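Fold and contact review
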Amino acid sequence: MNLKKHTISINYRLLIFLIAILILVSFSSLLFIENHSLVAHDESLYASRAKLIIDTNNWFTPFGKAHHKTIGSYWIIALSFKIFGINEFSARLPSYIFSILSSFVLFKIIKNISNFKIGLISIFTLSSSFLWFSYSKYCSPDTLYIFFNLMGILYLLKINNFLKEPIKNRYFFFSGLFLSLPFFVRSYLQLLPLISLFPLILFKIKKLHFRNTRFFIIGFFIGLIPIMIYYYISYQTYGIDSFIKPYMLLEQKTLTENDIFEGFIFYPRNLILLSTPFFIFLVNGTKYILKNQSRETQILFVFTPFINIILLMITASKYSHYGLFTIPLLASNASFGIYETFKNQSNESKLLLRIFGVLMLITSTLFFLGSILNFHLKILYEFSFIEMLIIFLLSSISIYISSNLLFKTNFKTLNLNKILSIFFIQILMLNILFSNGTIGNPNNDFKDFIYQPDINKLIKNNQIFLIGELDNKNLPLLKFYLPKSKLIKTTEIPKNDSIYGIISDKDIKELDDSMRSKYINLEEFKDINLIKIN
């Protein structure tokens, strides 16, 4: 089969215009903080710990005891708080910035090893993944961690025998540097991409002299300096627990948290679901890469994600975001598959487009019907008329294009612009849902409780004591949303001073009689109470 006999038409201006719109809309969606609230796990944990760094002005050891994660997990969020203030926008902004940068680095990687068109496709496929979209608007260090790894890959792939020695050595140095910096950000989790990338690293260095590869080692150890400084300072403060706690977390997540092999079904299933809709093209992409691309491309986009998923499958963990490193590689694989579909134009390609068309037709129809029902029945009051009109128009366009993929598989009437327009519409609708709080707002009722005018005035003017054993969901949310708070036990409640506090239903029942007669319940929210004592 001659794959070169068909040229692929693509409107570069249109696609660059669509990318610019996505960047503008996705950034704007972060600004609607009145519609956003943090996820109890892990967003509020990262945010409350970053807030603690700001409150204590201690950037290495702000915690009362040895911590199970490296402090670099919180630095970028704390820096954002320092610049933009403490709110949902500044908490989620770093993830957004590094998701955009990661998309650009991935584009550069594909453009360098293949071509510009597939690089452009990868921007749309990656952004359409719900897992990637979620973590690009999530208060965590995960997209920074991915960015560092992609930078390491970019510099590694730039190396070839035709480069001058100084340039080759510089690329090796930066590759090693960027592949070790994530240890400061995500601790032992960086072992997962490193092991997965080992075949690629070995492939790139095996034909070169040690005088070149030593720069990779030098860069790698320089990248470890931040974590070595952190462990030194932490050891001075907390002792040997500084080393034990992160190791215990690694052991827990890999071996003891659930039954071993708990991830065997979880990770393949979730990564496929969270790679909708581009997963349809993965088989085609894998075949095309193995048949037509260079060895390093095969290792990076086929074997590396495969090794990564296998490693996750044999652990006891069940966290979808542990597979986040795999998503850019799978999206790239699918981009090759989409490219090959339009280049090959075989019956198999037509079948793939029909399957993709069916999936997107169903999705678009659900959005279309939802918008119509809401116009007449007003089921979803959080949607404004303008928002529903935009969703109605976008879903109508998506239905039309998806129908063409399903019923008109003559490639003369189809082109790459149309399928990428479907990806664009999906990404745009996800951003609309995020901006109005349909997604990315799991604790809006908690936030409404805190921001009631009387309560908001009270918590701004007074320190709020967090009394007793508050559950793992409410405690980090309270630490983030309360400007001034202090955690105390029920036995530490002042006997003479007048204080305001938040206490659980369980702990309030266990107060002794003398204390029970002194408190006033000001407001109740689910199983917690805002009280005044004395």
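Residues numbered from 1 in each chain as written. Predicted model: local features only at pLDDT ≥ 70, side-chain atom pairs only at ≥ 80, totals over all residues. Heavy atoms only, no water.

**Examining the overall build of the protein**
To keep things clear, this is the line we draw: Starting at the N terminus, helices and strands are each numbered in turn, a helix being any DSSP run of H or I of at least four residues and a strand any DSSP run of E of at least two. For a compact globule the rule gives 2.2 Å times the number of residues to the power 0.38, and the radius of gyration it is set against comes from C-alpha atoms. Here's how the labels work: a residue is buried when its accessible area is under 20% of the maximum for its type, exposed when over 50%, partly exposed in between, all with a 1.4 Å probe on protein chains only. Contact definition: two residues touch when any of their heavy atoms are within 4.5 Å. Note on areas: Shrake-Rupley, 1.4 Å probe, and residue coverage restricted to the protein chains presented here. Positive charges come from Lys and Arg, negative ones from Asp and Glu, while His and the chain ends are left out of the count. We put the charge of a Lys on NZ, of an Arg on CZ, of an Asp on CG and of a Glu on CD.
When helices and strands are counted, the protein shows 25 helices and five strands. Expected size for 534 residues packed as a compact globule is a radius of gyration near 24 Å; at 26 Å, the protein falls within 12% of this value. Counting over 534 residues, the protein shows a buried share of 55%. A separation of at least 24 residues holds for 76% of the contacts in the protein among residues at least 6 apart in sequence. Total accessible area on the protein is roughly 24200 Å²; 63% of this is exposed by carbon and sulfur atoms. Averaging the locations of the 52 positively and 32 negatively charged side chains of the protein gives two centres separated by 18 Å.

**A word on the pairing of strand 4 (residues 519–525)**
The side chains of a regular strand alternate, first on one face of the sheet and then on the other. Our working rule: What makes two strands pair is DSSP finding at least two bridges between them.
Sheet topology places strand 4 next to strand 5 (residues 528–533); six bridges connect them, and they run antiparallel. Bridge pairing links Ile 520 to Lys 532 in strand 5.

**Notes on unusual backbone geometry**
With omega at 5°, the peptide bond leading from Thr 276 into Pro 277 counts as cis. By the element assignment, Pro 277 lies in the loop between helix 14 (263–273) and helix 15 (282–292). The phi angle at Lys 526 is positive, at roughly 55°, despite the residue not being glycine. Among the secondary structure elements, Lys 526 is positioned in the loop between strand 4 and strand 5.

**A short note on the pattern of salt bridges**
For clarity, the threshold we go by: Salt bridge, as applied in this entry: a Lys or Arg side-chain nitrogen positioned within 4 Å of an Asp or Glu carboxyl oxygen.
Across all of its chains, the model carries 11 salt bridges by this definition. Between Glu 296 and Lys 204 there is a salt bridge, with the nearest N and O atoms lying 2.9 Å from each other. Taken together, the residues span a long stretch of sequence, with Glu 296 in helix 16 (residues 295–313) and Lys 204 in helix 10 (residues 191–205) at a distance of 92 residues. When its relative accessible area of 15% is taken as the criterion, Glu 296 is described as buried. Salt bridges here are not isolated pairs; linked through shared partners, they connect Glu 165, Lys 168 and Arg 211.

**Some remarks on the packing of helix 1 (residues 12–29) against helix 5 (residues 116–128)**
Definition in use: Orientation is described by axes fitted as lines to C-alpha atoms, over the contacting stretch for helices, and by angles from 0 to 180 degrees between their N-to-C directions. Oblique is the label for any angle not covered by the other classes, which are roughly parallel (under 35 degrees), roughly antiparallel (over 145) and roughly perpendicular (65 to 115). Two helices cross in a left-handed way if the nearer one is turned anticlockwise from the farther one by less than a right angle. They cross in a right-handed way if the turn is clockwise. Residue polarity is assigned by list, with Asp, Glu, Lys and Arg as charged and Ala, Val, Leu, Ile, Met, Phe, Trp, Tyr, Cys and Pro as nonpolar; anything else, Gly included, falls into the polar class.
Packing of helix 1 against helix 5 leaves a shortest axis separation of 11 Å and a crossing angle of 30°. Between helix 1 and helix 5, the angle is such that the two are roughly parallel. As helix 1 packs across helix 5, the resulting crossing turns out to be left-handed. Only Phe 116, Lys 117, Leu 120, Ile 123 and Phe 124 of helix 5 make contact with helix 1, whose side of the interface consists of Tyr 12, Leu 15, Leu 18, Ile 19 and Leu 22. Classifying every residue of the contact of helix 1 with helix 5 by side-chain character gives nine nonpolar, no polar and one charged.

**Focus: the packing of helix 7 (residues 142–158) against helix 10**
Close contact between helix 7 and helix 10 brings their axes to 11 Å; oriented N to C, the two are set at 10°. By the angle between their axes, helix 7 is roughly parallel relative to helix 10. Touching Tyr 145, Asn 149, Ile 153, Leu 156 and Leu 157 of helix 7 are Pro 193, Leu 197, Leu 200, Ile 201 and Lys 204, all from helix 10. Its residues assigned to classes, the contact of helix 7 with helix 10 shows eight nonpolar, one polar and one charged.

**Observations regarding the side chain of Ser 128**
The residue Ser 128 is located in helix 5 in this model. With relative accessibility at 0%, the residue Ser 128 sits in the buried group. Aside from chain neighbours lying at most four places away, what touches Ser 128 is Thr 276, Pro 277, Phe 278, Phe 423, Gln 426, Ile 427 and Leu 430.

**Considerations on the sheet that holds strand 1 (residues 464–467)**
Here five strands make up an open sheet; going across it, the order is 2-1-3-5-4 and the pairing mixed. Strands at the two margins of the open sheet, each flanked by one partner only, are strand 2 (485–488) and strand 4. Averaged over all pairs of adjacent strands, the angle between their axes in this sheet comes to 30°, without regard to strand direction. In this sheet, strand 2 lies alongside strand 1 in parallel orientation, the contact comprising four bridges. The partner of Leu 466 across the bridge, within strand 2, is Leu 487. Seen against the sheet, helix 23 (residues 474–481) touches strand 1, strand 2, strand 3 (499–504) and strand 5 and runs at an angle of roughly 170° to strand 1.

**With respect to the environment of Phe 84**
Along the chain, Phe 84 falls in helix 3 (residues 72–84). Distance in space between the C-alpha atoms of Phe 84 and Tyr 267 is 36 Å, their sequence separation being 183 residues. Not counting residues within four places of it along the chain, the set of residues in contact with Phe 84 comprises Phe 89, Ser 90 and Leu 93.

**Here's the deal with the nonpolar core**
Keep this limit in mind: Among the buried residues, those of types Ala, Val, Leu, Ile, Met, Phe, Trp, Tyr and Cys that are joined through side-chain atoms within 4.5 Å form a nonpolar core.
Counting residues in each nonpolar core, the largest one holds 145 residues, and the members touching the most others are Ile 109 and Ile 419. Residue contacts for Ile 419: discarding those within four places in its chain leaves Phe 281, Ile 338, Phe 342, Leu 353 and Phe 356. Ranked by size, the runner-up nonpolar core spans 11 residues in total, among them Ile 488, Ile 493, Leu 511 and Met 515.

**Considering a nonpolar patch on the surface**
Stated precisely, the cut-off is as follows: Residues qualify for a patch when their relative accessible area is over 30% and they have no salt bridge, like charges being joined within 9 Å and the nonpolar side chains of Val, Leu, Ile, Met, Phe, Trp and Tyr within 5 Å.
Together, Tyr 188, Leu 191, Ile 195, Tyr 235, Ile 240, Phe 243, Ile 244, Tyr 247 and Met 248 line one region of the surface with nonpolar side chains, adding up to about 830 Å² of accessible area. Looking at the nonpolar patch, the elements that each hand over two or more residues are helix 10 and helix 13 (241–256). When residues of the nonpolar patch are assigned to their parent elements, the largest contribution, four residues, is made by helix 13. For Phe 243, a relative accessible area of 38% translates into the label partly exposed.

**Brief notes about helix 22 (residues 453–461)**
For clarity, the cut-off: Each C-beta atom gives one direction from the helix axis, and the arc is the one those directions make.
Within helix 22, the full set of buried residues consists of Ile 455, Asn 456, Leu 458 and Ile 459. Taken end-on, helix 22 shows its buried residues confined to a sector of 160°, consistent with a single buried face. When the buried face of helix 22 is taken as reference, the exposed residues oriented beyond 90 degrees from it are Pro 453, Asp 454, Lys 457, Lys 460 and Asn 461. Each element contacted by the buried residues of helix 22 is listed here: helix 21 (444–450), strand 1, helix 23, strand 3, strand 4 and strand 5.

**Quick word on helix 1**
Keep this limit in mind: What a helix is expected to span follows from its residue count: subtract one and scale by 1.5 Å. Residues adjacent in sequence count toward polar contacts only when both atoms are side-chain atoms; beyond that, a polar contact is any pair of N or O atoms within 3.5 Å, and within protein one must be able to donate a hydrogen and the other to accept it.
Taking 1.5 Å of rise per residue, 18 residues should cover 26 Å, and helix 1 covers 26 Å from first to last C-alpha, within 8% of that figure. Taken residue by residue, helix 1 has Leu 15, Leu 18, Ile 19, Leu 22, Ser 26 and Ser 29 as its buried positions. On an axial view of helix 1, the arc spanned by its buried residues comes to 100°, and they lie on one face. Set apart from the buried face of helix 1 by more than 90 degrees, the exposed residues are Arg 13, Phe 17 and Leu 24. The secondary structure elements touched by the buried residues of helix 1 are helix 4 (88–113), helix 5 and helix 20 (416–435). Where helix 1 begins, the capping side chain belongs to Asn 11, and its oxygen is found 3.3 Å from the backbone nitrogen of Arg 13.

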